[in-house]
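A structural walkthrough
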Amino acid sequence: MTKPHIPLDEIRAQVEGCRKCPLADGRTQTVFGVGNPEARVMIIGEAPGKNEDLQGEPFVGAAGKYLNELLAVAGLVREDVFIANVLKCRPPGNRDPRPEEIELCTPYLREQTRTIDPEFIVTLGNFSTKFILKTDIGITRLHGTVQRAGKFKVFPIFHPAAALYDGSKRVVLEDDFATLGELLRQSAQAAGAADAAQPAQGAHAAQDGSAPESAASAGQATAQVARRQPSTPTSNRPSPTTSRSTFCSDALSQKKTTVRRAETIALPILHVALIY
């Protein structure tokens, strides 16, 4: 029996009442997250800053304004995505999250992710990337590549704040968000092709008396359609790669019969977007 998803309002109430670590003593308020509860893209940052702590919403300062610009590069607005952080309370002086704080706080993030069920998780910066992918590899090496965390496609990107201190990061950030937009478009096109193929397959089966194609055969047909389309490179970096991590493994282990996992392989962007 699969574990039911917890409504976001219920998770929010749990977060607001949480006093599991000392961060609760210094917070103005918790920062649960904001956005579309059925978003295709979930963006995960590190922890709330001063402005976020005061307003109770993630990414509302200078980095948040730049994030809005970056979303536009990908063809998105804030209302399209869901934005959250690894920690729900501000660390004193905006210091780095501590391991014990991450351990105590991230069950809320796991439940948020299960409930929202995004297609892509965009990790911003080192802390969220290393937590989601359970890796020690830094964001400098992983940014702009498609990774795997259970059934989720994970796309690591530098934190927008990095561009506020290092102007050279702006080009990299904008390039990666442009790649994200292309991945979303290709995935939507592939899904549309699969939907369009279903009625034609049913009509063909009715005419010749053959049985409808299995789900596996339909998936193969979709991939073949996608592979015939030209892939447009979005940068000079190597093609994105896929990998898997144990993020949400407690929840995803109950869905093994319905999730087809991808092996670790190097693929062009177009093919990566079709792995489920």
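Look a little higher up for the structure.
Described in the following lines is the structure provided in the data block. (Residues numbered from 1 in each chain as written. Predicted model: local features only at pLDDT ≥ 70, side-chain atom pairs only at ≥ 80, totals over all residues. Heavy atoms only, no water.)

1. Remarks on the overall build of the protein
Scanning the protein from N- to C-terminus turns up 12 helices and 6 strands. Contacts in the protein between residues far apart in sequence, at least 24 positions, make up 73% of those at least 6 positions apart. (Helix = DSSP H or I, 4+ residues; strand = E, 2+ residues; numbered from the N terminus. Contact = heavy atoms within 4.5 Å.)

2. Remarks on the pattern of salt bridges
Under the defined criterion, the tally for this structure stands at 11 salt bridges. Glu69 is the partner of Arg170 in a salt bridge, and the nearest nitrogen-oxygen pair spans 3.8 Å. Note that Arg170 is positioned in helix α9 (residues 169–208) and Glu69 in helix α4 (residues 62–73), a separation of 101 residues in sequence. Accessibility expressed as a relative area gives 32% for Arg170, which makes it partly exposed. Using a relative accessible area of 46% as the deciding quantity, one classes Glu69 as partly exposed. Via salt bridges that share partners, Arg40, Glu119 and Lys153 belong to a single interconnected network. (Salt bridge = Lys/Arg side-chain N within 4 Å of Asp/Glu carboxyl O. Buried < 20%, exposed > 50% of the residue type's maximum accessible area, 1.4 Å probe, protein only.)

3. Considering the side chain of Glu101
By secondary structure assignment, the location of Glu101 is in helix α5 (residues 99–116). According to the relative accessible area criterion, Glu101 is buried, its value standing at 5%. At 2.6 Å, the side chain of Glu101 and the side chain of Arg95 are in polar contact. With sequence-adjacent residues up to four places away left out, Glu101 is seen in contact with Cys21, Leu23, Leu87 and Arg95. (Polar contact = N/O pair within 3.5 Å; in protein donor to acceptor, adjacent residues only side chain to side chain.)

4. Focus: the packing of helix α1 (residues 8–16) against α5
The geometry of α1 relative to α5 is characterised by a closest axis approach of 10 Å and an angle of 170° between their N-to-C directions. One way to sum up the angle between α1 and α5 is to call them roughly antiparallel. Of the residues in α5, those touching α1 at Leu8, Ile11, Gln14 and Val15 are Tyr108, Glu111, Gln112, Thr115 and Ile116. When the residues that make up the contact of α1 with α5 are grouped by side-chain class, the tally is 5 nonpolar, 3 polar and 1 charged. (Axes fitted to C-alpha atoms, helices over the stretch in contact; angles between N-to-C directions. Parallel < 35°, antiparallel > 145°, perpendicular 65-115°, else oblique. Nonpolar A, V, L, I, M, F, W, Y, C, P; charged D, E, K, R; others polar.)

5. Brief notes about helix α6 (residues 126–133)
Among all positions in α6, only Ser128, Thr129, Phe131, Ile132 and Leu133 are buried. Residues of α6 that are buried sit in contact with β2 (41–45), α5, β4 (120–124), α7 (139–142), β5 (147–149) and β6 (152–157). Positioned one or two residues after α6, Lys134 has a phi angle of 50°, which is positive.

6. Quick look at empty space enclosed by the protein
Taken as a whole and assessed by the stated rule, the structure comprises 2 cavities of 30 Å³ or more. Among the elements of the structure, α2 (23–26) and α5 are those that each provide at least two residues to the lining of the largest cavity. Looking at which element gives the most residues to the lining of the largest cavity, the answer is α5, with 4 residues. Residue composition of the lining of the largest cavity, grouped by class: 10 nonpolar, 1 polar and 5 charged. (1 Å grid on protein atoms, 1.4 Å probe; cavity = no way out; pocket = protein on both sides within 12 Å on 5 of 7 lines; lining within 4 Å. Points joined across faces, edges and corners; volume = space filled by probe spheres on them.)

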